[in-house]
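# Structure assessment
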Amino acid sequence: REMQAAEPADMSGYERVKQKMVRPPFAPQHEQVATGGPKIVEVEMVVDERLMVVDEDTGASIWAMTYNGSVPGPLIIVHEGDYVELTLKSLGKNQLEHNIDFHASTGALGGGGLTHIYPGEECVLRWKATKPGCFTYHCAPGGAMIPYHVCHGMNGAVMVLPRDGLKDAEGNSLTYDDIAYLGEQDYYLPKNPDGTYKTYANAGDDYAESLDAMRTLVPTHSVFNGSVGALTGARALRAKVGENILMVHNQSNRDSRPHLIGGHGDYVWESSFSDPPLTNMETWFVRGGSAVAAMYKFEQPGVYAYVNHNLIEAALLGATAHFVVDGEWNNDLMEQVAAPRPIQS
Amino acid sequence: REMQAAEPADMSGYERVKQKMVRPPFAPQHEQVATGGPKIVEVEMVVDERLMVVDEDTGASIWAMTYNGSVPGPLIIVHEGDYVELTLKSLGKNQLEHNIDFHASTGALGGGGLTHIYPGEECVLRWKATKPGCFTYHCAPGGAMIPYHVCHGMNGAVMVLPRDGLKDAEGNSLTYDDIAYLGEQDYYLPKNPDGTYKTYANAGDDYAESLDAMRTLVPTHSVFNGSVGALTGARALRAKVGENILMVHNQSNRDSRPHLIGGHGDYVWESSFSDPPLTNMETWFVRGGSAVAAMYKFEQPGVYAYVNHNLIEAALLGATAHFVVDGEWNNDLMEQVAAPRPIQS
Amino acid sequence: REMQAAEPADMSGYERVKQKMVRPPFAPQHEQVATGGPKIVEVEMVVDERLMVVDEDTGASIWAMTYNGSVPGPLIIVHEGDYVELTLKSLGKNQLEHNIDFHASTGALGGGGLTHIYPGEECVLRWKATKPGCFTYHCAPGGAMIPYHVCHGMNGAVMVLPRDGLKDAEGNSLTYDDIAYLGEQDYYLPKNPDGTYKTYANAGDDYAESLDAMRTLVPTHSVFNGSVGALTGARALRAKVGENILMVHNQSNRDSRPHLIGGHGDYVWESSFSDPPLTNMETWFVRGGSAVAAMYKFEQPGVYAYVNHNLIEAALLGATAHFVVDGEWNNDLMEQVAAPRPIQS
Ligand SMILES: [Cu+2]
Ligand SMILES: [Cu+2]
Ligand SMILES: [Cu+2]
Ligand SMILES: [Cu+2]
Ligand SMILES: [Cu+2]
Ligand SMILES: [Cu+2]
Ligand SMILES: [Mg+2]
Ligand SMILES: [Mg+2]
Ligand SMILES: [Mg+2]
Ligand SMILES: [Mg+2]
Ligand SMILES: [Mg+2]
Ligand SMILES: [Mg+2]
Ligand SMILES: [Mg+2]
Ligand SMILES: [Mg+2]
Ligand SMILES: [Mg+2]
């Protein structure tokens, strides 16, 4: 193994900082423009297999495999040139082997080859963030276990900001007031002959039946942040007129096409932060196995639905989140000239 | 409601023009480069629920929900900075509630929140076209009714041209000789146990069975301009060698990948008109819930098939249109050096 | 027919060179930067219908329709302005009519209208490569036969290089050390009631049942270079740390989203070579009916999986290839700080 032969890297010159992981849809504390030189950013993630309700209406549930208890796993934010040093632990109560593959990293299957842990184990992986952009991470234990784990929620995103922050095509700085971190998850839940969803006693028990369901390539659910309605109603995202919101959308497996009903993607980075953003998009694209960022400045108050604009997936499979935006209505942008009334002529 | 508190906008300084809607695949009269300042462009659309044949061969039919009687609805063309003032009416004979969500607009769910009308009603909505590009519009009455209406044909496109017209990446003007407006529609028609398509007495009667079919995410049909063969044979699109045709492709729900067999997308705007067009594409992409524009200068005479290049969808589900192009053949570009003959050696 | 009226092109001033087709994943000998003026590049392809095993594990097989005996057909490489002169032959033992549609060409359905040959026949087609980029070619005999042939393996790619080679967005030359040519093939294999795959005596015998399977839009297999595991294990692709590899990915029918596990797309041309490449992509997109190129400089030794990052397709349908990369591990880029061990605290 070439790896064993290599000298450990000398990291003595680098400042270490801890990044406290927070629950989605929130983003960890971070600088948009880096101060100082590259750092070692320490993060900790704990693998937690847990039974989660996917849809309260039908009682559909899944033995989710999670990083830190949430689907998606937490958002990590660093700057280009920083090092991510992850301590990955697996709770002793877990059933399965897990690891982590960071699309943002280089080598060893994205770190997947160096992080296989069993329940009760931990490991530490350090990698350098050389590519700026939003990147998926996910569990990838090998073979059919890869889609099985990923489709059970075991994925999340890293955002690697350029050291001097985001820019438009002309090089002007783009800053945001807040981040909304949305993970879209496709589930393939096995069903009973009567159409109800199967339940299982333990993580892993649904393996064979999940693979059969996955092979159809048609998910039973596609949801934001773990379950139907996780980001609607009382749990909707909040913003104000005039605020720039950076929407980070992670989909580790399946294509998606986000759209903000009533809004736009003013700036959309589908590829990476080293390319100029696309502008004024109605609907953007998440290549399955990607995280993308889209920035929008809200201009009107009200409720905005953030959807996967395959509207069947949005309305029937669960891919709908809400932004509730406060502020003053602007009749120049849109005005209801005549409210619904009987036809006049 | 903040909306009620806002002062009506003062539109007294703006010229009003009426744009006469025309039937797809045609485009309304318009200027490529705007003369004068921003205008208020008045358009009228009438919601019309009507039984339509989807495929003459099988007799498959649908109670289509239409804007102005066609699938897709009419193309609206304005310039950036113009205002669109829509009068939306619903025929008294209709069965269902409808509205309209313009992806090009800002706020109130794209106007969807301000335009819910019942049969026999009308309303008037004005919105400012602040983003240049091609944009979908569609009915979005809420919940599962959204994909149900959209997948019954209730969608179309707005093109918002830059005031000084289209440009290539270097800023050179790009003008077109004609527009071909193609709406691709995915239908999910319920079937009888023998595989024939179900028929229904009234609009709305297929609701539950349509939702079941939609949940498979696999359409029974994907057609241009409402039905199989609507733009082939005697109804093919026409052009001449040397003409630049702007193909506006609307797909309000499902991804598509247009390809012109024998031609290309010389310039393709997948995102908006504020981004430089992609060039020389073999096959471009319509993110589900988008309208895109592609420009091509025909260089050879003959028949060109414009297809969704999932060829199964093109050949078996109906996603094929034809351009018939007149002009002179150029043997420098392509020559049949030897016609089919027995193998010589 | 306008074609018959046109004067044959005078090609007397052009040098003729033969390009020897080689078996995928290899690329024919070529110059990255063209020396001299445009040439006529002569290629020969032989249509060969042959029974191929798709998956050794299940015995799944198909009467593949191939150009030169392989799925995908051979990669052709020319420079912009060159002429491709193809002699297309169909073996006498074949059963079906075939032709070829080059997305890179202009007119006559990409040459499809001029190349219909029956078993024992040949024809010669010359076309000018006016558009730089990677382009699909495929059989397109008409109607449902189009997806039937394409989904039986009858497709491949042409790369049309700019005369002065590939460039980044700033105009700097980008050169590669090697090409890996991957064709992703979606198969729709008919099954027996017990779930085993059907077998057929002759090419064409599976027509009706294949169309039924295709209509689901869900492939039974999606594989690189013809069969499950064709590019893994002993048949893996090889590279060295420091080498730039150009990965040419052809998918003639269905969208794909390539990802190199542990690596990236440093430069990705999704549209054509006349657009600046996208950079630092985690996962790129192949619009169904396209060929794309992605360049990556390997920075770490080890095994890299090149997958369609719908991980279900990668792991269950077969869309996985391997690169085995030799060289020295770099602990600065990634280091296993602590190997798996019991949780410390
Ligand atoms: Cu796992
Ligand atoms: Cu991955
Ligand atoms: Cu409606
Ligand atoms: Cu919409
Ligand atoms: Cu063929
Ligand atoms: Cu094609
Ligand atoms: Mg529900
Ligand atoms: Mg906020
Ligand atoms: Mg990304
Ligand atoms: Mg028919
Ligand atoms: Mg015309
Ligand atoms: Mg658009
Ligand atoms: Mg196998
Ligand atoms: Mg090599
Ligand atoms: Mg291409």
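Let us look at the structure shown here.

Definitions and limits used
Residues numbered from 1 in each chain as written. Chains lettered and ligands numbered in written order. Predicted model: local features only at pLDDT ≥ 70, side-chain atom pairs only at ≥ 80, totals over all residues. Heavy atoms only, no water. Helix = DSSP H or I, 4+ residues; strand = E, 2+ residues; numbered from the N terminus. Rg over C-alpha atoms; globule rule 2.2 N^0.38 Å. Buried < 20%, exposed > 50% of the residue type's maximum accessible area, 1.4 Å probe, protein only. Contact = heavy atoms within 4.5 Å. Areas by Shrake-Rupley, 256 points an atom, 1.4 Å probe, with all protein chains shown as cover. Lys, Arg positive; Asp, Glu negative; His and termini not counted. Charge placed at Lys NZ, Arg CZ, Asp CG, Glu CD. Salt bridge = Lys/Arg side-chain N within 4 Å of Asp/Glu carboxyl O. Donors = N, O, S within 2.8 Å, 3.2 Å for Na, K, Ca; no water. Least-squares fit on C-alpha atoms with pLDDT ≥ 70 in both. Buried area = accessible area lost by both parts, 1.4 Å probe. Core = buried A, V, L, I, M, F, W, Y, C linked by side-chain atoms within 4.5 Å. Pairing = 2+ DSSP bridges. Polar contact = N/O pair within 3.5 Å; in protein donor to acceptor, adjacent residues only side chain to side chain. Axes fitted to C-alpha atoms, helices over the stretch in contact; angles between N-to-C directions.

On to the overall build of chain A. Along the backbone of chain A there are four helices and 22 strands. Against the globule reference of 20 Å for 345 residues, chain A gives a C-alpha radius of gyration of 21 Å, in line with a compact fold. Within chain A, the proportion of its 345 residues that are buried is 66%. For chain A, long-range pairs separated by at least 24 residues make up 75% of all intrachain contacts whose partners lie at least 6 apart in sequence. For chain A, the exposed area adds up to about 11,400 Å²; of that, 49% sits on carbon and sulfur atoms. Charge centroids of chain A, computed over 25 positive and 43 negative side chains, lie 2 Å from each other.

To continue, consider the pattern of salt bridges. Here the structure, examined in full by the defined rule, presents 54 salt bridges over all chains. For E313(A), the salt bridge is made with R254(A), and the minimal N-O distance between the two is 2.7 Å. Remark: R254(A) occurs in the loop between strand 15 (244-251) and strand 16 (258-261) and E313(A) occurs in helix 4 (residues 311-315); sequence separation between them is 59 residues. Residue R16(B) pairs with E42(B) through a salt bridge whose shortest N-O separation is 2.8 Å. In this pair, R16(B) sits in strand 1 (residues 15-18) while E42(B) sits in strand 2 (residues 39-55), placing the two residues 26 residues apart along the sequence. According to the relative accessible area criterion, R16(B) is partly exposed, its value standing at 42%. Assessed through its relative accessible area of 19%, E42(B) is described here as buried.

To continue, consider the coordination of the magnesium ion (ligand 9). The coordination sphere of the magnesium ion (ligand 9) contains the protein donors C134(A) (O), A291(A) (O) and E282(C) (OE), at a distance range of 2.0 to 2.2 Å. Separated into two different chains, A291(A) in strand 19 (residues 290-297) and E282(C) in the loop between strand 18 (278-281) and strand 19 (290-297) make up a pair that spans both. Considered together, A291(A) and E282(C) belong to a single accessibility category, that of buried residues.

Turning next to the relation of the copies chain C and chain B. Expressed as a screw operation, the relation of chain C to chain B combines 0.0 Å of axial shift with a rotation of 120°, fitting to an RMSD of 0.0 Å. Taken together, the rotation angle and the small translation identify this as a three-fold axis. The position closest to the rotation axis in chain C is occupied by the C-alpha of V218(C), lying 5.1 Å away. The two copies present different faces, since only 3% of the interface residues in chain C are matched by interface residues at the equivalent positions in chain B.

The interface of chain C with chain B comprises 66 residues on the first partner and 51 residues on the second. With both chains or domains summed, chain C and chain B bury close to 4,800 Å², and 56% of this area falls on carbon and sulfur atoms. Of all residues in chain C, T106(C), E122(C) and L217(C) give up the largest surface area on contact with chain B, accounting jointly for 14% of the area buried on that side. The partner of E335(B) in a salt bridge is R126(C), with the nearest N and O atoms 2.7 Å apart.

Here the focus is the nonpolar core. All names here are of chain B. Ranked by internal contacts, the top residues of the largest apolar core, which has 47 residues, are M45, Y67, I76, L88, F102 and W127. Contributions of two or more residues to this core are made by strand 2, strand 3 (60-67), strand 4 (76-79), strand 5 (83-90), strand 7 (121-128), strand 8 (133-138), strand 9 (155-161) and helix 3 (207-214). Among the elements that line this core, the one with the most residues is strand 2, at four residues.

With that settled, the discussion passes to the pairing of strand 8 (residues 133-138) of chain A. As a general feature of sheets, a regular strand has side chains that alternate between the two faces. Residues and elements named next belong to chain A. Across the six residues that make up strand 8, a large majority, six, are buried. Burial along strand 8 is two-sided: the face carrying G133, F135 and Y137 and the face carrying C134, T136 and H138 are both buried. Summarising the sheet, strand 6 (residues 101-102) and strand 8 pair through two bridges and their orientation is antiparallel. Residue pairing for strand 8: F102 is matched across the bridge by Y137. As paired strands, strand 8 and strand 9 (residues 155-161) are joined by six bridges and run antiparallel to one another. Each residue of the ladder has a partner; that of Y137, found in strand 9, is G156.

Now for the side chain of N225(C). Here N225(C) lies in the loop between strand 13 (221-224) and strand 14 (237-240). Within the structure, the side chain of N225(C) is placed 3.4 Å from the backbone oxygen of Y181(C), a separation counted as a polar contact.

Counting residues at the interface gives 66 residues for chain B, matched by 51 residues for chain A. Each partner contributes to the roughly 4,800 Å² buried at the junction of chain B and chain A, and carbon and sulfur atoms together form 56% of this total. Per-residue buried area on chain B facing chain A is highest for T106(B), E122(B) and L217(B); these three make up 14% of the total on that side. In this structure, the connection of chain B to chain A is made through six salt bridges. At the surface where chain B touches chain A, the tally comes to 32 residue pairs in polar contact (both at pLDDT 80 or more). Only helix 1 (2-5), strand 5, strand 7, strand 8, helix 2 (145-150), helix 3 and strand 19 (290-297) of chain B provide two or more residues apiece to the side of chain B that touches chain A. Relative to strand 7 of chain B, strand 22 (residues 334-342) of chain A runs antiparallel, the two being bridged by six bridges. Paired with Q336(A) across the two strands is L125(B), which belongs to strand 7 of chain B.

Let's shift gears to the sheet that holds strand 15 (residues 244-251) of chain B. Residue and element names in this part refer to chain B. Overall, mixed pairing links the six strands, which are arranged 13-12-15-19-17-18 in an open sheet. On the outer flanks of this sheet lie strand 13 (221-224) and strand 18 (278-281), each paired with one strand and no other. When strand polarity is set aside, the average angle formed by the axes of neighbouring strands in this sheet is 25°. Judged from the four bridges that link them, strand 12 (residues 178-187) and strand 13 form a sheet pairing that is antiparallel.

With that settled, consider the sheet that holds strand 8 (residues 133-138) of chain C. Ordered by their spatial adjacency, four strands build an open sheet running 4-9-8-6 (chain C), and the pairing between neighbours is mixed. Because the sheet does not close on itself, it has two edges, and the strands there are strand 4 (76-79) and strand 6 (101-102) of chain C.

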